[in-house]
Amino acid sequence: MKLRIELGQDLSAYAYLVMEVPDGTTEKELAAMLHDRFVNDDPEVCELVFDENWETASSLRIVQAKDEHGNFISQGYPLDPCPYDAGLEVQRWLKGMGEVNLPSNLQSVIAAAAKAGLIAQPVMEIHSGTFTLPGMESIEVEFEARVGATREEKDLAFLNALAQVARVDYLAIGQIEKKES
């Protein structure tokens, strides 16, 4: 059987331009100026030529493979891990969209990263944690965390387990705007 296979790879490309900016322009102001030029389709920017840098190539994948009848054999199949998959999984997790068969928590992010070959399959260990408030009865829960987990990972896994046995409600009482420093 003959297949028509389309492979894909991600790589970085760079363009260079010269632009006049006021003295004392901050990095944030420069970024805003460039953003405006790209969003507003400035003709000078649209004519930029981006040169590829093959040293940055990554994420080799089968874009699609079809047989001689046009039937798909494969589509979007990774041959190499994509370094951006971990960031995508974290973004999905932050938006509350874990994998279908996994709970939307840090463990699902770790599992997805391991499945994509971005990290080694984690070895998990069982922990026991106790939540105690002064004058209240303690609540003890068991939870899993990977061997070598950071304090933050263990805290998140503990709080996730705690939320399964306790009732946790959230009520938004207003919005505040934080200024970046």
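This is a predicted model, so every value here is computed, not measured.

Cut-offs applied
- Residues numbered from 1 in each chain as written.
- Predicted model: local features only at pLDDT ≥ 70, side-chain atom pairs only at ≥ 80, totals over all residues.
- Heavy atoms only, no water.
- Core = buried A, V, L, I, M, F, W, Y, C linked by side-chain atoms within 4.5 Å.
- Buried < 20%, exposed > 50% of the residue type's maximum accessible area, 1.4 Å probe, protein only.
- Helix = DSSP H or I, 4+ residues; strand = E, 2+ residues; numbered from the N terminus.
- Contact = heavy atoms within 4.5 Å.
- Polar contact = N/O pair within 3.5 Å; in protein donor to acceptor, adjacent residues only side chain to side chain.
- Pairing = 2+ DSSP bridges.
- Axes fitted to C-alpha atoms, helices over the stretch in contact; angles between N-to-C directions.

**With respect to the nonpolar core**
Proteins that are soluble and globular tend to have nonpolar side chains buried together.
Now for step 1: In terms of nonpolar packing, the biggest core is built from 8 residues, these being Val141, Phe143, Ala145, Ala149, Ala157, Phe158, Ala161 and Leu162.
Now for step 2: Contributing elements (two or more residues each) for this core: strand E5 (139-146) and helix H5 (151-165).
Now for step 3: Considering each element in turn, this core owes the most residues, 4 residues, to H5.
Now for step 4: Leaving out residues up to four positions away in the same chain, Phe143 has contacts with Glu125, Ile126, His127, Ser128, Gly129, Lys154, Ala157, Phe158 and Ala161.

**Quick word on the environment of Asp67**
Now for step 1: If you trace the backbone, Asp67 turns up in strand E2 (residues 51-67).
Now for step 2: When its relative accessible area of 12% is taken as the criterion, Asp67 is described as buried.
Now for step 3: In this structure the C-alpha to C-alpha distance between Asp67 and Lys2, which are 65 residues apart in sequence, comes to 6.1 Å.
Now for step 4: At a separation of 2.9 Å, a polar atom in the side chain of Asp67 contacts the main-chain amide nitrogen of His69.

**Regarding the pairing of strand E3 (residues 72-78)**
Now for step 1: Pairing geometry for E2 and E3, over 5 bridges, is antiparallel. Pairing of Ile62 across the sheet is with Tyr77, part of E3.
Now for step 2: Connecting E2 to the next strand, E3, in antiparallel fashion are 4 residues, including Gly70 with a positive phi near 85 degrees.

**What to know about the sheet that holds strand E1 (residues 3-14)**
For sheets, the rule is that strands pair by backbone hydrogen bonds, running either parallel or antiparallel.
Now for step 1: The antiparallel open sheet is built from 3 strands, whose spatial order is E1-E2-E3. Edge strands, defined here as strands with exactly one partner in the open sheet, are E1 and E3. For this sheet, the mean angle separating the axes of adjacent strands, direction not counted, is 25 degrees.

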